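# Observations on the model geometry
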Amino acid sequence: MDNIIRENIAKIRRQIPSQVCLVAVTKGRSLAQIQEALDSGITHIGENRVQEAALKYKEIKPAVTWHLVGHLQTNKAKEAVKIFDLIHSVDSLNLAREIDKQAGKINKLQDILIEVNTSAEESKFGIRPEDLFEFIKAVSDLKNISLKGLMTIAPMVDNTEEVRPYFRILNELRDKANELRLTGDAIQVLSMGMSDDFEVAIEEGANMVRIGRAIFEDK
Ligand SMILES: *Cc1c(COP(=O)(O)O)cnc(C)c1O
C-alpha cells in the first residue's frame, strides 16, 4: 500500500505522451506525500493557494517547477511572483497589471497563462472567449509578463465526453490568437485536463495537465 503514489504516477505516465507536461496538484497534500511524488519523478507541482505554497516552498529542496493553478487575488500577487514559475490563473487586467508591477520589482519576467471560462458558467473565474483577444493584446503590452498560453477548467459532468467541446474551444482560441499574431511569439501552452478528464483533454490538444486525485488517492 505504501507505493500508491509511485504506482499512480507510473500509470498516468503510461497514459500520456511524453511531451505533455504533468503537473502534480499538491494542494492539501503533506510534505511526505509531495516528497514521494518527487521521488517518483515529478518535477512540476501545482498549488491553489499562495499561503499554502509559501509554507511548502521553504521545505521542498529539489529543483521543482512551481505552478499556481488556483485563483489569485491581486493582493497576493507580490508573494506569488516570488514563488511561482508559471501562474495559470490570470483572469483580469487588474491582476495582470499587479503581477507585472511586482515582477518588475524583483527583475523577473513572470510566465503566465490566461484562464478562459470556456463554459461561460457564472460561478467560474476566467476571461470569456469573446473578450479573450482584446485581453491578450492588453496583457502583451506588459513588460514583465510573458504570456505562454491558455488554461481552462472544464465543468463538472457525469460523462467525460461532455467536456470535449470546452477543451476544443480552448485549442481553437489558441490557434486563432496565433493566426491573428496577437503576441510577439506564438503562444503554445494549453493547460487543460484534471484527474477525471485528462485523456479527453490530451485528445483535444492539451500539452499540460493538472492532476491531483489520480496521483495522491487510492481508487
Ligand atoms: C484541484 C485542481 C486540479 C486537480 O484536480 P484533481 O481532480 O484532483 O485532479 C487541477 N486544476 C485546478 C485549478 C485545481 O484546483
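Relevant structure appears above.
Reading guide: rules and limits
- Residues numbered from 1 in each chain as written.
- Predicted model: local features only at pLDDT ≥ 70, side-chain atom pairs only at ≥ 80, totals over all residues.
- Heavy atoms only, no water.
- Helix = DSSP H or I, 4+ residues; strand = E, 2+ residues; numbered from the N terminus.
- Rg over C-alpha atoms; globule rule 2.2 N^0.38 Å.
- Buried < 20%, exposed > 50% of the residue type's maximum accessible area, 1.4 Å probe, protein only.
- Contact = heavy atoms within 4.5 Å.
- Areas by Shrake-Rupley, 256 points an atom, 1.4 Å probe, with all protein chains shown as cover.
- Lys, Arg positive; Asp, Glu negative; His and termini not counted.
- Charge placed at Lys NZ, Arg CZ, Asp CG, Glu CD.
- Near = heavy atom within 4 Å.
- Polar contact = N/O pair within 3.5 Å; in protein donor to acceptor, adjacent residues only side chain to side chain.
- Nonpolar A, V, L, I, M, F, W, Y, C, P; charged D, E, K, R; others polar.
- Axes fitted to C-alpha atoms, helices over the stretch in contact; angles between N-to-C directions.
- Parallel < 35°, antiparallel > 145°, perpendicular 65-115°, else oblique.
- Left-handed = near helix turned anticlockwise from the far one by under 90°.
- Salt bridge = Lys/Arg side-chain N within 4 Å of Asp/Glu carboxyl O.
- Expected span 1.5 Å × (residues − 1).
- Arc of directions from axis to C-beta.

## Some details on the overall build of the protein chain
If you tally the helices and strands in the protein chain, you get nine helices and eight strands. For 219 residues, the compact-globule estimate of 2.2 N^0.38 gives 17 Å, and the protein chain sits close to it at 17 Å. A buried classification covers 50% of the 219 residues belonging to the protein chain. Sequence separation of at least 24 residues holds for 59% of the intrachain contacts in the protein chain that already meet a minimum separation of 6. About 11,000 Å² of surface is accessible on the protein chain, with carbon and sulfur atoms providing 47% of the total. Each charge class in the protein chain was averaged separately, 30 positive and 34 negative side chains, and the resulting centres sit 6 Å apart.

## What about the site of the ligand?
Close to the ligand lie V25, K27, N48, V69, I153, M194, S195, R210, I211, G212 and R213, which account for all nearby residues. A distance of 3.1 Å separates an oxygen atom of the ligand from a polar atom in the side chain of N48. The separation between a nitrogen atom of the ligand and a polar side-chain atom of R210 is 2.9 Å. Along the lines of polarity and charge, the residues of the shell around the ligand split into five nonpolar, three polar and three charged.

## A closer look at the packing of helix 1 (residues 4-15) against helix 2 (residues 31-39)
Direction vectors running N to C along helix 1 and helix 2 enclose 45 degrees, while the axes themselves pass 9 Å from each other. Taken together, the axes of helix 1 and helix 2 lie oblique to each other. Two packed elements cross with a definite hand, and for helix 1 against helix 2 that hand is right-handed. Residue-level contacts link I5, R6 and I9 of helix 1 to Q33, E36, A37 and D39 of helix 2. Of the residues contributing to the contact of helix 1 with helix 2, the split by class is three nonpolar, one polar and three charged.

## A closer look at the pattern of salt bridges
Applying the stated criterion across every chain yields a total of 14 salt bridges. Close ionic contact of E98 with K101 constitutes a salt bridge, the shortest N to O distance being 3.9 Å. Taken together, the residues span about one helical turn, with E98 and K101 both in helix 5 (residues 93-105) at a distance of three residues. Taking relative accessible area as the criterion, K101 reaches 46% and is therefore assigned partly exposed. One salt bridge connects R164 with E204, and the closest N-O pair in it is separated by 2.8 Å. A residue pair is termed long-range when its members are at least 10 positions apart, and R164 in helix 7 (residues 164-179) and E204 in the loop between helix 8 (198-203) and strand 8 (208-211) qualify at 40 residues. The buried category is assigned to R164, whose relative accessible area is 16%. What makes E204 buried here is its relative accessible area of 9%. By sharing partners, the salt bridges in this structure join E161, R164, R168, E203 and E204 into a single network.

## Quick word on helix 1
With twelve residues, helix 1 should reach 16 Å at 1.5 Å per residue; the first-to-last C-alpha distance of 17 Å fits that figure. Those residues of helix 1 lying buried are I4, I5, N8, I9 and I12. Take helix 1 and look down its axis: the buried residues cluster within an arc of 130 degrees, on one side only. More than 90 degrees from the buried face of helix 1, the exposed residues found are E7 and R14. For helix 1, the elements touching its buried residues are strand 1 (21-25), helix 2, helix 8, strand 8 and helix 9 (213-216).

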